[in-house]
Amino acid sequence: MQEWTVVTRSPDETAGLAERLGQLVAAGDVITLEGDLGAGKTSFTKGLAKGLGVKGVVNSPTFTIIKEYQGRLPLYHMDVYRMEDEAEELGLEEYFYGEGVSVIEWPTRIEEQLPENRLSIAIYHLDETSRKLTVTAVGERERQLGKEWLE
């Protein structure tokens, strides 16, 4: 496990950081996003989608739980906040171990279903526009991805 802390000073800087990650991810990568409402989880995902070459509007899948987008790889954007039961069967493993990249907002709601190896990102408000991102990489692939992205 390895951890990095990054501070961004504007929404554009946060989106640019996420876009760079989107250029580096590979099939089977799992990214979890934690943070209070309005911290920037969906905005981060929009930047990541741009880096993947996704065209069109990317928005929160709050009521649908999972939205799929096509770029150089499929992007599986999940917002599991409204899941009633952690054991609810959605076939998440097919997404996590599939041909695309999975981004999960509110991952603690499905902690038992998440793969051990993942890139976990916690986003914290510092002020109106600044954010602190704490990135934790679990797994060798994820450590390499984090190093390439942040160092």
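Remember, it's a predicted structure, so these values are computed and weren't measured experimentally. (Residues numbered from 1 in each chain as written. Predicted model: local features only at pLDDT ≥ 70, side-chain atom pairs only at ≥ 80, totals over all residues. Heavy atoms only, no water.)

(A) The packing of aromatic side chains, seen in detail. In this structure the tally under the stated criterion is three aromatic pairs. A ring pair is formed by Phe-44 and Trp-149, whose centres lie 6.3 Å apart and whose planes are at 75 degrees; its orientation type is edge-to-face. Here Phe-44, found in helix α2 (residues 41-51), pairs with Trp-149, found in helix α4 (residues 140-150); they are 105 residues apart in sequence, far enough to count as distant. Since its relative accessible area comes to 1%, Phe-44 is described here as buried. In this structure Trp-149 comes out as buried when scored by relative accessible area, which is 5%. For the ring pair Tyr-81 and Trp-106, a centre distance of 4.8 Å and an interplane angle of 55 degrees mean the geometry is tilted. (Phe/Tyr/Trp six-rings, centres within 6.5 Å; stacked < 30°, edge-to-face > 60°. Helix = DSSP H or I, 4+ residues; strand = E, 2+ residues; numbered from the N terminus. Buried < 20%, exposed > 50% of the residue type's maximum accessible area, 1.4 Å probe, protein only.)

(B) Quick look at the nonpolar core. Within the largest apolar cluster, 29 residues are counted, with the highest numbers of intra-cluster contacts made by Leu-21, Ile-31, Phe-44, Leu-48, Leu-119, Ile-121 and Trp-149. Only β1 (2-8), α1 (11-24), β2 (30-34), α2, β5 (101-105), β6 (118-125), β7 (131-138) and α4 provide two or more residues apiece to this core. At four residues, the largest contribution of residues to this core is made by α1. If you look at the next biggest cluster of nonpolar residues, it comprises 14 residues, including Ile-65, Ile-66, Val-80 and Leu-114. (Core = buried A, V, L, I, M, F, W, Y, C linked by side-chain atoms within 4.5 Å.)

(C) Region of interest: the side chain of Ser-130. For Ser-130, the location among the structural elements is in the loop between β6 and β7. By relative accessible area, which is 3% here, Ser-130 ends up buried. Leave out the neighbours within four places in its chain, and Ser-130 touches Thr-8, Arg-9, Tyr-124 and His-125. (Contact = heavy atoms within 4.5 Å.)

(D) Spotlight on the packing of α1 against α4. In contact at an axis separation of 10 Å, α1 and α4 are set at 130 degrees when each is read in the N-to-C sense. Relative to α4, the element α1 lies oblique. As for the relative orientation of α1 and α4, their crossing is right-handed in sense. Of α4, the residues touching α1 (which contributes Leu-17, Arg-20, Leu-21 and Leu-24) are Arg-141, Leu-145, Glu-148, Trp-149 and Leu-150. Residues of the contact of α1 with α4, tallied by class, amount to six nonpolar, no polar and three charged. (Axes fitted to C-alpha atoms, helices over the stretch in contact; angles between N-to-C directions. Parallel < 35°, antiparallel > 145°, perpendicular 65-115°, else oblique. Left-handed = near helix turned anticlockwise from the far one by under 90°. Nonpolar A, V, L, I, M, F, W, Y, C, P; charged D, E, K, R; others polar.)

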